[in-house]
Amino acid sequence: LAKTTQPISMDSYEGQEVNITCSHNNIATNDYITWYQQFPSQGPRFIIQGYKTKVTNEVASLFIPADRKSSTLSLPRVSLSDTAVYYCLVVLNTGFQKLVFGTGTRLLVSP
Amino acid sequence: DVKVTQSSRYLVKRTGEKVFLECVQDMDHENMFWYRQDPGLGLRLIYFSYDVKMKEKGDIPEGYSVSREKKERFSLILESASTNQTSMYLCASSPGGDRGETQYFGPGTRLLVL
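Procedures and definitions
- Residues numbered from 1 in each chain as written.
- Chains lettered and ligands numbered in written order.
- Predicted model: local features only at pLDDT ≥ 70, side-chain atom pairs only at ≥ 80, totals over all residues.
- Heavy atoms only, no water.
- Disulfide = S-S within 2.5 Å.
- Helix = DSSP H or I, 4+ residues; strand = E, 2+ residues; numbered from the N terminus.
- Buried < 20%, exposed > 50% of the residue type's maximum accessible area, 1.4 Å probe, protein only.
- Core = buried A, V, L, I, M, F, W, Y, C linked by side-chain atoms within 4.5 Å.
- Contact = heavy atoms within 4.5 Å.
- Buried area = accessible area lost by both parts, 1.4 Å probe.
- Salt bridge = Lys/Arg side-chain N within 4 Å of Asp/Glu carboxyl O.
- Polar contact = N/O pair within 3.5 Å; in protein donor to acceptor, adjacent residues only side chain to side chain.
- Nonpolar A, V, L, I, M, F, W, Y, C, P; charged D, E, K, R; others polar.
- Pairing = 2+ DSSP bridges.
- 1 Å grid on protein atoms, 1.4 Å probe; cavity = no way out; pocket = protein on both sides within 12 Å on 5 of 7 lines; lining within 4 Å.
- Points joined across faces, edges and corners; volume = space filled by probe spheres on them.

Draft legend 1. How the structure looks around the state of the cysteines. All names here are of chain B. Going through the model one piece at a time under the given rule, you end up with 2 disulfides over all chains. Sulfur-sulfur distance for the disulfide between C23 and C91 comes to 1.9 Å. Looking along the S-S bond of the C23-C91 disulfide, the torsion reads about -75°, which is the left-handed sense. One end of the pair, C23, is in strand β3 (residues 19-25); the other, C91, is in strand β9 (residues 87-94), with 68 residues separating them in the sequence. We note that C23, like C91, is buried.

Okay, structure coming up:
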């Protein structure tokens, strides 16, 4: 069954680097991998997007291996305000191409 | 900035009522989506639309319908609300040219069906 899988939760401390991985074993060939951040009582917010190798912006980095069967969101030096749920979004081949959100990872950053 | 607005932040309805959830986006996006979000279940796609008057079923369309008469507006309709439709409902839009990877979300409507 084609699906996307993320760790349910992660804990970190302020100032540490956090890496969250999404596994997507049946990803479509030509579509982007996108990551979102969601705070309580808000809609998800776009963080970063990439197709392959590495992408970096002012907020995060995204690492995608050559086979594209997983992707890793890297948050450098997290702060308390990074406490949120993080979702990956990919297009999977399920007989037809289907847009699928990951299961979400709840990140808790402590002082 | 892209802005996606939803008609209500909180809504309380009775079982059997017809419920309309409205979503409007101001960036001329072709694609629009409706999700529901429940604890432990993540984001589940109800319906989506890639163009005016066009709609496609998502993963959980049962008990819902949609309407897209204008490009900027996508409405979710609960024909006869039931208690198991109590949830957070999220609307999103994305530009044409991709499948919807770059979505902009509204703030959500928290619906309680009594």
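Draft legend 2. A look at the nonpolar core. One finds W35, L73, L75 and Y86 of chain A to be the most contacted residues of the largest nonpolar core, which totals 22 residues. Of all the secondary-structure elements, those providing two or more residues to this core are β3 (18-24), β4 (33-38), β5 (45-50), β7 (61-64), β8 (70-75), β9 (84-93) and β11 (105-110) of chain A. In terms of residues, this core owes the most to one element, β9 of chain A, which gives 5 residues. Not counting chain neighbours up to four residues away, the residues in contact with L75 of chain A comprise Q16, E17, V18, V59, A60, Y86 and L107 of chain A. Core analysis: the second largest hydrophobic core is formed by 20 residues, V19, C23, Y47 and V66 of chain B among them.

Draft legend 3. Spatial organisation of the interface of chain A and chain B. If you look at the interface, chain A gives 18 residues, while chain B gives 18 residues. Of the roughly 1500 Å² buried between chain A and chain B, counting both surfaces, carbon and sulfur atoms make up 52%. The interface formed by chain A and chain B contains 0 salt bridges. Run the count over chain A and chain B and you get 8 residue pairs in polar contact (both at pLDDT 80 or more). Those elements that provide at least two residues to the side of chain A that touches chain B are β4, β5, β9 and β10 (97-101) of chain A. Among the elements that take part in the side of chain A that touches chain B, β10 of chain A stands out by supplying 4 residues, more than any other. Among the residues forming the side of chain A that touches chain B, the class breakdown is 9 nonpolar, 7 polar and 2 charged.

Draft legend 4. Broad picture of the pairing of strand β8 (residues 73-78) of chain B. Residues and elements named next belong to chain B. By the criterion of burial, β8 is predominantly enclosed, with 5 of the 6 residues buried. Looking at chain direction, β3 and β8 are connected through 6 bridges and run antiparallel. Within β8, the residue paired with V19 across the bridge is L78. In this sheet, β8 lies alongside strand β7 (residues 64-70) in antiparallel orientation, the contact comprising 5 bridges. For V66, the partnering residue across the bridge sits in β8 and is L76. Connecting β7 to the next strand, β8, in antiparallel fashion are 2 residues.

Draft legend 5. Here's a closer look at empty space enclosed by the protein. Using the criterion set out here, one finds 1 cavity of 30 Å³ or more in the structure. One number sums up the size of the largest cavity: a volume of about 30 Å³. What lines the largest cavity is simply S41 of chain A together with R9, Y10, M88, G108 and R110 of chain B. Among the residues forming the lining of the largest cavity, the class breakdown is 2 nonpolar, 2 polar and 2 charged.

Draft legend 6. Summary view of the side chain of Q85 of chain B. All names here are of chain B. Relative to the elements of secondary structure, Q85 occurs in the loop between β8 and β9. On the basis of relative accessibility, which here comes to 5%, the residue Q85 falls in the buried class. At 3.2 Å, the side chain of Q85 forms a polar contact with the backbone oxygen of G63. Among residues more than four places away in sequence, those in contact with Q85 are R36, G63, Y64, L78, S80, L111 and V113.

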